[in-house]
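Geometric and topological summary
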Amino acid sequence: MQEYNDKRVVTSGRRSMLVFNKLVAGLTNLGVSLMGSRVLSVRGRKSGEWRSNPVNLLVLDGQRYLVAPRGHVQWVRNLRASGEGTLRVGRTIETFRAEELADADKPDIIRLYLKKWAWEVGAFFGNDVRADSPVSRLLEVAPGVPVFKIHTA
């Protein structure tokens, strides 16, 4: 059973996931959003250079969120440091400010994220973490799943 804490980072050794991410990023850059995909760009906290990753933009009650199913990965650390970034689909680039959510505010967002994208991100969670997990379990995993509320800059 994996630990869900502020040090959780899930790296994928599966080549298929790397290929999938490159495909999603390529299509999104061309203007084809797959189920809400965007290309997130954030300045590196050490280099200052722009870093980009494909992400799934989640909308709940009109509010938009970025969820990090792999945990406290580099884009999360960079976004924390800068507090802002861009989201891109094709030629449309949106600048935003990010607000990281407290663990207590995450269960509904994690649940919806898993409902929409478990087929894609389920491998980054234990078998006991699903969209139908009780709130108590989602609260237990919340420290290992960063969530950011997106505000238009």
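Residues numbered from 1 in each chain as written. Predicted model: local features only at pLDDT ≥ 70, side-chain atom pairs only at ≥ 80, totals over all residues. Heavy atoms only, no water.

1. Regarding the overall build of the protein chain
- Counting its secondary structure elements, the protein chain contains four helices and six strands.
- Counting from the amino terminus, helix and strand elements in the protein chain follow one another as α-β-β-β-α-β-β-α-α-β.
- The buried share among the 153 residues of the protein chain stands at 42%.
- By sequence separation, contacts in the protein chain at least 24 residues apart represent 67% of the contacts at least 6 residues apart.
- A total of about 8,300 Å² of accessible surface is found on the protein chain, and carbon and sulfur atoms cover 51% of it. (Helix = DSSP H or I, 4+ residues; strand = E, 2+ residues; numbered from the N terminus. Buried < 20%, exposed > 50% of the residue type's maximum accessible area, 1.4 Å probe, protein only. Contact = heavy atoms within 4.5 Å. Areas by Shrake-Rupley, 256 points an atom, 1.4 Å probe, with all protein chains shown as cover.)

2. Examining the side chain of Asn 56
- Relative to the helices and strands, Asn 56 is located in strand 2 (residues 50-60).
- Assessed through its relative accessible area of 6%, Asn 56 is described here as buried.
- Looking at Asn 56, its side chain comes within polar contact range of the side chain of Tyr 113, at 3.4 Å.
- Once residues within four sequence positions are removed from consideration, Asn 56 is found in contact with Gly 36, Ser 37, Tyr 65, Leu 66, Tyr 113, Trp 117, Glu 120 and Val 121. (Polar contact = N/O pair within 3.5 Å; in protein donor to acceptor, adjacent residues only side chain to side chain.)

3. So, the pattern of salt bridges
- Going through the model one piece at a time under the given rule, you end up with eight salt bridges.
- Between Arg 137 and Glu 140 there is a salt bridge, with the nearest N and O atoms lying 2.8 Å from each other. You can see Arg 137 and its partner Glu 140 sitting in helix 4 (residues 135-141), three residues apart, about one turn around the helix.
- Taking the relative accessible area as the measure of exposure, Glu 140 reaches 46% and is therefore partly exposed.
- Members of the salt-bridge network, linked through shared partners, are Asp 128, Arg 137 and Glu 140. (Salt bridge = Lys/Arg side-chain N within 4 Å of Asp/Glu carboxyl O.)

4. Structural notes on the sheet that holds strand 6 (residues 147-152)
- Taking strand neighbours around the barrel as the criterion, the six strands line up as 1-2-3-6-5-4 in a closed arrangement whose pairing is antiparallel. Taken pair by pair, the neighbouring strands of this sheet meet at an average axis angle of 45°, ignoring direction.
- Note: strand 3 (residues 63-67) against strand 6, four bridges, orientation antiparallel. Bridging across to strand 6, Val 67 finds its partner in Val 147.
- Across the sheet, helix 2 (residues 74-82) is in contact with strand 1 (37-43), strand 2, strand 3, strand 4 (84-89), strand 5 (92-100) and strand 6; its angle to strand 1 comes to roughly 60°.
- Across the sheet, helix 3 (residues 107-121) is in contact with strand 2, strand 3 and strand 6; its angle to strand 2 comes to roughly 115°. (Pairing = 2+ DSSP bridges. Axes fitted to C-alpha atoms, helices over the stretch in contact; angles between N-to-C directions.)

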